[in-house]
Amino acid sequence: MNLILMGLPGAGKGTQAETIVEQYHVVHISTGDMFREAMAQQTEIGIKVKSIMDQGNLVSDDVTSALVKERLAKEDVQKSGYMLDGFPRTIAQAEALDEIASELNEPISGVLYIDVPVEKLVERLSGRFICKNCGATYHKVFHLPKVEGTCDVCGAHEFYQRDDDKPEAVKNRLDVNIKMNTPLIDFYENKGLLHKINGDQDIEDVYKDVQSVIKDF
Ligand code: AP5
Ligand code: MG
């Protein structure tokens, strides 16, 4: 099974991905996570993308597609399938992915578009906090750890806020992504691959809808 998770910033891609991976064992490939990892390691790419990401702009199509191409060629993906999160984000990236997928003989099974009204996204992004140790995602209102101050997944006690979740970056990030969104939805709708999921429900209910789509892949 090869999936794409689409949705505007804060729609819940990463949150749903955590549970999908647990149940279906596909390889979770988040370009945002890969760039953040590169920044933390201060690699050449990491240094190059830092200011772009902190402002909420998009990294170039060439850099992003090359990164995905390299990752999809790895053995774990060939064995277990992929779940792309946050890629593609432009038509150029979608076309690049078509090429990569056909070269690797790993066709896209379906695209899950998590649909959330734009006015809800600012609240989701500004309330997000993340476990420093394992990256599990929480929200100060909608998704608190079961034990206050302790990560449900790994038990660590330190959390952080992403630099691009600060108010100035959030607004730009939403504007940039909204502009790209409709053409990309049309692209996959025309291929008959798009499945819209109502993301404006509790996390568990969104997951039920995700499951009912995935079971047919
Ligand atoms: P990336 O890391 O992909 O960020 P994003 O697309 O902006 O999406 P987010 O990770 O912010 O949101 P999400 O949908 O994962 O939501 P989450 O589950 O965390 O990309 C970051 C940057 O990297 C980009 O801006 C760009 O610079 C660069 N980049 C990455 N990919 C690129 C590409 N392809 N091309 C070019 N540049 C690229 O949930 C959000 C919050 O809401 C959490 O607090 C969560 O607990 C809560 N929540 C989740 N679901 C629900 C629910 N159902 N109800 C209530 N709250 C919920
Ligand atoms: Mg995410």
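Here's what I pulled together on the structure shown here. On a predicted model such as this, the values are computed, not experimentally measured, just so you know.

The rules behind the values
The residue count restarts for each chain, going from 1 along the sequence in the order it is written. Just so you know, chain letters begin at A and ligand numbers begin at 1, following the order they were written in. In keeping with the model being predicted, local features are shown solely for residues with a pLDDT of at least 70 and side-chain atom pairs are shown and tallied solely at 80 or more, while totals for entire chains, interfaces and linings include all residues. Think of the side-chain values as coming from all heavy atoms in the structure, minus any hydrogens and water. Working definition: helices are DSSP H or I runs of at least four residues, strands are E runs of at least two. Numbering for both runs from the N terminus. Here the globule rule is a power law, 2.2 Å times the number of residues to the power 0.38, and the radius of gyration is based on C-alpha atoms. The rule is simple: take the accessible area with a 1.4 Å probe, protein chains only, and divide by the maximum for that residue type; under 20% is buried, over 50% is exposed, in between is partly exposed. The contact criterion used throughout is that any non-hydrogen atoms of two residues lie within 4.5 Å. Surface exposure here means Shrake-Rupley accessible area, sampled with a 1.4 Å probe, where a residue is shielded only by the protein chains that are shown. We call a residue near a given molecule or strand whenever any one of its heavy atoms falls within 4 Å of it. What qualifies as a polar contact is a pair of N or O atoms within 3.5 Å, subject to a donor-acceptor requirement within protein and to the restriction that residues adjacent in sequence count only when both atoms come from side chains. Note that Gly is not counted as nonpolar here; it falls among the polar residues with everything else outside the nonpolar set of Ala, Val, Leu, Ile, Met, Phe, Trp, Tyr, Cys and Pro and the charged set of Asp, Glu, Lys and Arg. Put simply, a salt bridge is a Lys or Arg side-chain nitrogen that is within 4 Å of an Asp or Glu carboxyl oxygen. His is not counted, nor are the chain ends; Lys and Arg add positive charge and Asp and Glu add negative charge. In this scheme, strands are said to pair when DSSP sees at least two bridges between them. Put simply, buried Ala, Val, Leu, Ile, Met, Phe, Trp, Tyr and Cys residues joined by side-chain atoms within 4.5 Å make one nonpolar core. Where helices are involved, their axes are fitted lines through C-alpha atoms of the stretch in contact, as for all axes, and angles between N-to-C directions lie from 0 to 180°. Stacked, tilted and edge-to-face are the three classes applied to pairs of Phe, Tyr and Trp rings, where Trp contributes its six-membered ring and a pair requires centres within 6.5 Å; stacked means planes under 30 degrees apart, edge-to-face means over 60, and tilted covers the rest.

### Some thoughts on the overall build of the chain
Here is step 1 of the chain: The secondary structure content of the chain amounts to 9 helices and 8 strands.
Here is step 2 of the chain: Rg of the C-alpha trace for the chain: 17 Å, near the compact-globule value of 17 Å for 217 residues, within the 12% margin.
Here is step 3 of the chain: Summarising its shape, the C-alpha atoms of the chain cover approximately 45 × 40 × 35 Å along the three principal directions.
Here is step 4 of the chain: The 217 residues of the chain split such that 46% are buried.
Here is step 5 of the chain: Nonlocal contacts in the chain, meaning residues at least 24 apart in sequence, comprise 69% of its contacts between residues at least 6 apart.
Here is step 6 of the chain: Of the roughly 11,300 Å² that the chain leaves accessible, carbon and sulfur atoms contribute 50%.

### As for the site of ligand 1
Here is step 1 of the chain: With respect to spatial proximity, 37 residues lie near ligand 1, and among them Thr15, Asn57, Arg89, Arg128 and Arg173 are the closest.
Here is step 2 of the chain: Note that an oxygen atom of ligand 1 is positioned 2.8 Å from one of the backbone N or O atoms of Gly10.
Here is step 3 of the chain: Note that a nitrogen atom of ligand 1 is positioned 3.1 Å from one of the backbone N or O atoms of Val59.
Here is step 4 of the chain: Starting from 1,000 Å² of accessible surface for ligand 1 in isolation, the protein chains cover 97%.
Here is step 5 of the chain: If one sorts the elements of the shell around ligand 1 by residue count, helix 2 (residues 31-40) sits on top with 4 residues.
Here is step 6 of the chain: Class assignment of the residues belonging to the shell around ligand 1 gives a composition of 13 nonpolar, 15 polar and 9 charged.

### Observations regarding the pattern of salt bridges
Here is step 1 of the chain: Taken as a whole, this structure holds 17 salt bridges when the rule is applied.
Here is step 2 of the chain: One network of salt bridges, with partners in common, ties together Arg128, Arg162, Asp164, Asp165 and Arg173.

### Examining the side chain of Glu106
Here is step 1 of the chain: With respect to the helices, strands and loops of the structure, Glu106 is situated in the loop between helix 6 (91-103) and strand 4 (110-115).
Here is step 2 of the chain: Although Glu106 is buried, it forms no salt bridge, and the closest oppositely charged side chain is Arg71 at an N-O distance of 11 Å.
Here is step 3 of the chain: Within the structure, Glu106 has its side chain in polar contact with the side chain of Asn2 (distance 3.0 Å).

### Thoughts on the environment of Gly10
Here is step 1 of the chain: Along the chain, Gly10 falls in the loop between strand 1 (3-6) and helix 1 (13-24).
Here is step 2 of the chain: When the C-alpha atoms of Gly10 and Glu119 are compared, they prove to be 11 Å apart, with 109 residues separating the residues in sequence.
Here is step 3 of the chain: Contacts of Gly10, omitting those with residues within four sequence positions, involve Leu121, Arg124 and Leu125.

### Topic: the pairing of strand 1
Here is step 1 of the chain: Side-chain alternation along strand 1 places Leu3 and Leu5 on one buried face and Ile4 and Met6 on a second face that is also buried.
Here is step 2 of the chain: Sheet analysis places strand 1 next to strand 3 (residues 82-85), joined by 3 bridges and oriented parallel. Residue pairing for strand 3: Leu5 is matched across the bridge by Asp85.

### Examining the nonpolar core
Here is step 1 of the chain: In terms of nonpolar packing, the biggest core is built from 44 residues, with Ile20 and Tyr188 touching the most fellow members.
Here is step 2 of the chain: With residues up to four places along the chain from it excluded, the contact list for Tyr188 reads Ile4, Met6, Pro88, Ala94, Leu97, Ile108, Val111, Leu193 and Leu194.
Here is step 3 of the chain: Counting residues in hydrophobic clusters, the runner-up holds 7 residues, among them Met39, Val49, Met53 and Val63.

### Regarding the sheet that holds strand 3
Here is step 1 of the chain: A sheet is described by the order of its strands in space; here 5 strands give the open sequence 2-3-1-4-8, paired in parallel fashion. In the strand order of this sheet, the two ends are held by strand 2 (27-30) and strand 8 (194-198), each with one partner. Shown here is a sheet whose adjacent strand axes are inclined to one another by a mean of 20°, direction ignored.
Here is step 2 of the chain: Note: strand 1 against strand 4, 4 bridges, orientation parallel. Following the sheet pairing, Leu5 is matched in strand 4 by Leu112.
Here is step 3 of the chain: Helix-sheet contacts for helix 8 (residues 167-190) involve strand 1, strand 4 and strand 8, and the interaxial angle to strand 1 is about 150°.

### Quick notes on the side chain of Arg124
Here is step 1 of the chain: Locating Arg124 in the fold gives a position in helix 7 (residues 118-126).
Here is step 2 of the chain: When residues no more than four places from it in sequence are discounted, the contact partners of Arg124 are Gly10, Ala11, Gly12, Val116, His139, Phe142, Gly199 and Asp200.

### Let's talk about the packing of aromatic side chains
Here is step 1 of the chain: Here the structure, examined in full by the defined rule, presents 4 aromatic pairs.
Here is step 2 of the chain: Taking the centre distance of 5.8 Å and the plane angle of 85° together, the rings of Tyr138 and Phe159 count as edge-to-face. Placement of the pair is Tyr138 in strand 6 (residues 137-139) and Phe159 in strand 7 (residues 159-160), with a sequence separation of 21 residues.
Here is step 3 of the chain: Judged by relative accessible area, Tyr138 falls into the buried class, the value being 3%.
Here is step 4 of the chain: Ring centres 5.0 Å apart and planes at 85° place the aromatic pair Phe187 and Tyr188 in the edge-to-face group.
Here is step 5 of the chain: Residue Phe187 is classed as buried on the basis of its relative accessible area, which comes to 15%.

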